[in-house]
Amino acid sequence: MTTEEKVKIEERIVDVLKTVYDPEIPVNVFDLGMIYKIDLKDDYTVDLDMTFTAPNCPAADFILEDVRTKVESVDQIKGCTVNLVFEPAWDQSMMTEEARVELGFE
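These figures come from a predicted structure and were not determined experimentally.

Caption draft 1: Spatial organisation of the overall build of the protein. Within the protein, the secondary structure is distributed over 3 helices and 3 strands. Reading the protein from its N end, one meets helices and strands in the order α-β-β-α-β-α. Taking 2.2 N^0.38 as the reference for a compact globule, 106 residues should give roughly 13 Å; the C-alpha atoms of the protein span a radius of gyration of 14 Å, in line with that estimate. With respect to the three principal axes, the spread of C-alpha positions in the protein is 40 × 25 × 25 Å. When contacts within the protein are restricted to residue pairs at least 6 apart in sequence, those whose partners lie at least 24 apart make up 61%. Put simply, the protein has 10 plus and 24 minus side-chain charges, and the middle of one group is 6 Å from the middle of the other.

Caption draft 2: Highlighting the pattern of salt bridges. Per the counting criterion, the structure on display carries 7 salt bridges. Residues Asp39 and Lys41 are paired through a salt bridge, measuring 2.9 Å at the closest nitrogen-oxygen approach. Between Asp66 and Lys70 there is a salt bridge, with the nearest N and O atoms lying 3.6 Å from each other. Separated by 4 residues within a single helix, Asp66 and Lys70 lie in helix α2 (residues 60-72), roughly one turn from each other. Since its relative accessible area comes to 23%, Lys70 is described here as partly exposed. One continuous salt-bridge network, built from bridges that share partners, spans Asp39, Lys41 and Asp47.

Caption draft 3: Representation of the nonpolar core within the structure. Judged by nonpolar contacts, the single largest core of 30 residues is most densely connected at Leu48, Met50, Ile63, Val67 and Val71. Elements represented by at least two residues in this core include exactly α1 (3-17), β1 (35-40), β2 (45-50) and α2. For this core, the leading source of residues is α2, giving 5 residues. If sequence neighbours within four positions are ignored, Met50 has contacts with Met34, Ile35, Tyr36, Ile63, Leu64, Val67, Val82, Asn83, Leu84 and Val85.

Caption draft 4: Molecular detail of the side chain of Asp22. With respect to the helices and strands, Asp22 occurs in the loop between α1 and β1. No salt bridge forms around the buried Asp22; measuring N to O, its nearest opposite-charge neighbour Lys70 is 13 Å away. Engagement of the side chain of Asp22 in a polar contact is seen with the backbone nitrogen of Glu24, the distance being 2.8 Å. Once residues lying within four places of it in the same chain are set aside, the contact partners of Asp22 are Val27, Cys57 and Ile63.

Caption draft 5: Spatial organisation of the environment of Val16. Inspection of the secondary structure puts Val16 in helix α1. Judged by its relative accessible area of 19%, Val16 is buried. Separated by 56 residues in sequence, Val16 and Glu72 place their C-alpha atoms 9.7 Å apart. Ignoring sequence-local partners within four residues, the contact set of Val16 consists of Lys70, Val71 and Val74.

Calculation notes
Residues numbered from 1 in each chain as written. Predicted model: local features only at pLDDT ≥ 70, side-chain atom pairs only at ≥ 80, totals over all residues. Heavy atoms only, no water. Helix = DSSP H or I, 4+ residues; strand = E, 2+ residues; numbered from the N terminus. Rg over C-alpha atoms; globule rule 2.2 N^0.38 Å. Contact = heavy atoms within 4.5 Å. Lys, Arg positive; Asp, Glu negative; His and termini not counted. Charge placed at Lys NZ, Arg CZ, Asp CG, Glu CD. Salt bridge = Lys/Arg side-chain N within 4 Å of Asp/Glu carboxyl O. Buried < 20%, exposed > 50% of the residue type's maximum accessible area, 1.4 Å probe, protein only. Core = buried A, V, L, I, M, F, W, Y, C linked by side-chain atoms within 4.5 Å. Polar contact = N/O pair within 3.5 Å; in protein donor to acceptor, adjacent residues only side chain to side chain.

Distances and angles like these do not, on their own, reveal function.
Pasting the structure below:
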């Protein structure tokens, strides 16, 4: 795949990630800074590292499946592996400015 094609697909992946929400937080997982890595491979599979705002998130299974399903819905994507990681530990500084405003941190 060309660099231009890869960038366009990665942009679409980010767009779908912005539709995934923790049911308890009114901000999407991407803007919350919970997505640590999006690795689009030449075979059109994606390895994605993500975390949660708290390790014992009660909606973890739902959110992980929603991320995987939505990334796999992007045209040309053949599969997505979502890796749950806790290093580095998530903190509020990882949120976008929009997310901090939405949640009243700024």
